[in-house]
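A structural walkthrough
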Amino acid sequence: MTDMKKILVVDDERPILTLLEYNLKQAGFDVIPANDGQEALDKAASEQPDLIILDLMLPKMDGMDVCRTLRQQRVETPIIMLTAKSDEVEKVLGLELGADDYMTKPFSPREVVARVKAVLRRTGRQPQGPEEGRETVLQSGDLTVYPERFEAYKSGSELEFTPKEFELLVHLITNRNRVLSRDQLLSAVWNYDFAGDTRIVDVHISHLRDKIEENTRKPSYIKTIRGTGYKFEGPPDA
């Protein structure tokens, strides 16, 4: 299968690595295993995977450092982080470093496969030639977003986003001037219920503001609606 998606699975626990590898292969994915953080970085560079499943606790270099290093290298491959810890601080830290999702051990292999498919479906870019119809352009003031190209510009300068940040931005602009609750954003962008764990939305909103707002304390684009959620405002389309 020439379009088989490659998944880099990083975990130093052999039973978990074997379980994930088996289930992902059964689901039609090409699986690249890695046992430690340094091997994860090496294979991320050499294999160019479509998605990375990254355990938090790893030898040589832990998952947080791997995630941080990849994002510093501007590797935008979606990352699902695995952790045996239920501590909210660990989850939020991973998201702040650029992970797109997290799962807490023990987990269902079927759920992992479902989340991998959801992330790939919602972050994957479909190649489109210049003659294939009219390109979608979302514009607000000096902010211009091209969803099909996975590109965004502010005052002509290109912005860098993780896949999930970009998807959230597109969803907010598409629903301009509509108040969206955190639960609605979780459902629309992450495609599943976090059972009230809405901090993931706040973390990604903070990242977006850092990149598109002139003053994050007084945002002009993404407004917080106290007790409810967020609303994208900004100037009307040019």
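Residues numbered from 1 in each chain as written. Predicted model: local features only at pLDDT ≥ 70, side-chain atom pairs only at ≥ 80, totals over all residues. Heavy atoms only, no water.

This is how it is decided: UniProt positions are given in the numbering used here, feature names are shortened, and annotations may be inferred rather than shown by experiment.
The chain has a UniProt comment under Subcellular location (unreviewed entry) that states "Cytoplasm".

What about the overall build of the chain?
What counts here: Segments assigned H or I by DSSP are reported as helices when at least four residues long, segments assigned E as strands when at least two residues long, and all are numbered from the N terminus. Each residue is assigned to one of three classes by its accessible area relative to the maximum for its type, calculated with a 1.4 Å probe on protein chains only: buried under 20%, partly exposed between the two thresholds, exposed over 50%. When checking whether two residues touch, look at their non-hydrogen atoms; a contact exists if any pair is within 4.5 Å.
Scanning the chain for helices and strands turns up 8 helices and 12 strands. Residue burial in the chain is summarised as follows: out of 238 residues, 48% are buried. Taking the intrachain contacts of the chain between residues at least 6 apart in sequence as the baseline, contacts between residues at least 24 apart amount to 57%.

Structural notes on the pairing of strand β3 (residues 51-55)
Cut-off, in case you're wondering: DSSP calls a pair of strands paired once it identifies at least 2 bridges connecting them. Assignment of crossover handedness uses the view with strands pointing away from the viewer, where a clockwise path from the first strand over the helix to the second indicates a right-handed crossover.
Of all the 5 residues making up β3, 5 are buried; the element is thus mostly covered by neighbouring parts of the structure. Every second residue of β3 is oriented toward a common face, with Leu51, Ile53 and Asp55 on one face and Ile52 and Leu54 on the other, all of them buried. The pairing of β3 with strand β4 (residues 79-83) spans 4 bridges and is classified as parallel. Pairing of isoleucine 52 across the sheet is with isoleucine 79, part of β4. With respect to chirality, the unit in which β3 leads through helix α3 (residues 63-72) into the neighbouring parallel β4 is right-handed.

Quick look at the confidence of the model for the chain
Basically, it comes down to this: You can read pLDDT as the predictor saying how much it trusts each residue, on a scale of 0 to 100.
On average, the chain scores 83 in pLDDT, and the residues at 70 or more come to 84%. Scored below 50 in pLDDT, residues 125-133 makes 6 contacts in the model with residues more than four places away or belonging to other chains.

Considerations on the sheet that holds strand β6 (residues 138-140)
What counts here: Axis angles are defined between N-to-C directions and span 0 to 180 degrees, where every axis is a line fitted to C-alpha atoms and, for a helix, only to the segment in contact.
Spatial strand order, β6-β7-β8-β9: 4 strands in an open sheet with antiparallel pairing. Both outer strands of the open sheet, β6 and β9 (157-158), are each paired with one neighbouring strand and no more. Sheet analysis places strand β8 (residues 151-154) next to β9, joined by 2 bridges and oriented antiparallel. The residue bridging tyrosine 153 from the neighbouring strand is glutamate 158, located in β9. Each of β6, β7 (143-146) and β8 is contacted by helix α6 (residues 163-174), which is oriented at about 110 degrees to β7, the strand it contacts most.

Quick look at the packing of helix α2 (residues 37-47) against α3
The condition that has to hold: Roughly parallel means an angle under 35 degrees; roughly antiparallel means over 145; roughly perpendicular covers 65 to 115; every other angle is labelled oblique. Crossings are assigned a handedness: left-handed for a near helix turned anticlockwise from the far helix by less than a right angle, right-handed for a clockwise turn. Polarity classes work like this: nonpolar for Ala, Val, Leu, Ile, Met, Phe, Trp, Tyr, Cys and Pro, charged for Asp, Glu, Lys and Arg, and polar for all others, with Gly in that last group.
Where α2 meets α3, the closest approach of the two axes is 9 Å, and the angle between their N-to-C directions is 25 degrees. When the axes of α2 and α3 are compared, the pair comes out roughly parallel. Seen from above, α2 lies across α3 with right-handed handedness. On α3, the residues that touch Gly37, Ala40, Leu41 and Ala44 of α2 are Val66, Thr69 and Leu70. Of the residues assigned to the contact of α2 with α3, the class counts are 5 nonpolar, 2 polar and no charged.

A few points about helix α7 (residues 182-190)
Let me state the cut-off plainly: By construction, the arc corresponds to the directions joining the helix axis to the C-beta atoms.
For α7, every residue scored as buried is listed here: Leu185, Leu186, Val189 and Trp190. Projected down its long axis, α7 carries its buried residues within an arc of 105 degrees, all on one side.

With respect to unusual backbone geometry
The step from lysine 105 to proline 106 runs through a cis peptide bond, and the omega angle for that step is -5 degrees. Residue lysine 60 is not a glycine yet carries a positive backbone phi of 75 degrees. On the secondary structure map, lysine 60 appears in the loop between β3 and α3. Here lysine 60 falls in the exposed class, since its relative accessible area comes to 73%. Backbone geometry places serine 155, a non-glycine residue, at a positive phi of 55 degrees. With respect to the helices and strands, the residue serine 155 is situated in the loop between β8 and β9. Relative accessible area serves as the criterion here: at 54%, serine 155 is assigned to the exposed category.

Re the environment of valine 170
Summarising the element assignment, valine 170 is placed in helix α6. By relative accessible area, valine 170 is classed as buried at 17%. Sequence separation between valine 170 and leucine 138 is 32 residues; the distance between their C-alpha atoms is 8.0 Å. Not counting residues up to four positions away in its chain, the partners in contact with valine 170 are Leu138, Val145 and Pro147.

What to know about the sheet that holds strand β10 (residues 180-181)
The strand order across the open sheet formed by 3 strands is β10-β12-β11, and the pairing between neighbours is antiparallel. In the strand order of this sheet, the two ends are held by β10 and β11 (222-225), each with one partner. Alignment of β10 against strand β12 (residues 229-232), held across 2 bridges, turns out to be antiparallel. By the bridge assignment for β12, serine 181 is matched with glycine 229. Helix-sheet contacts for helix α8 (residues 199-212) involve β11 and β12, and the interaxial angle to β11 is about 145 degrees.

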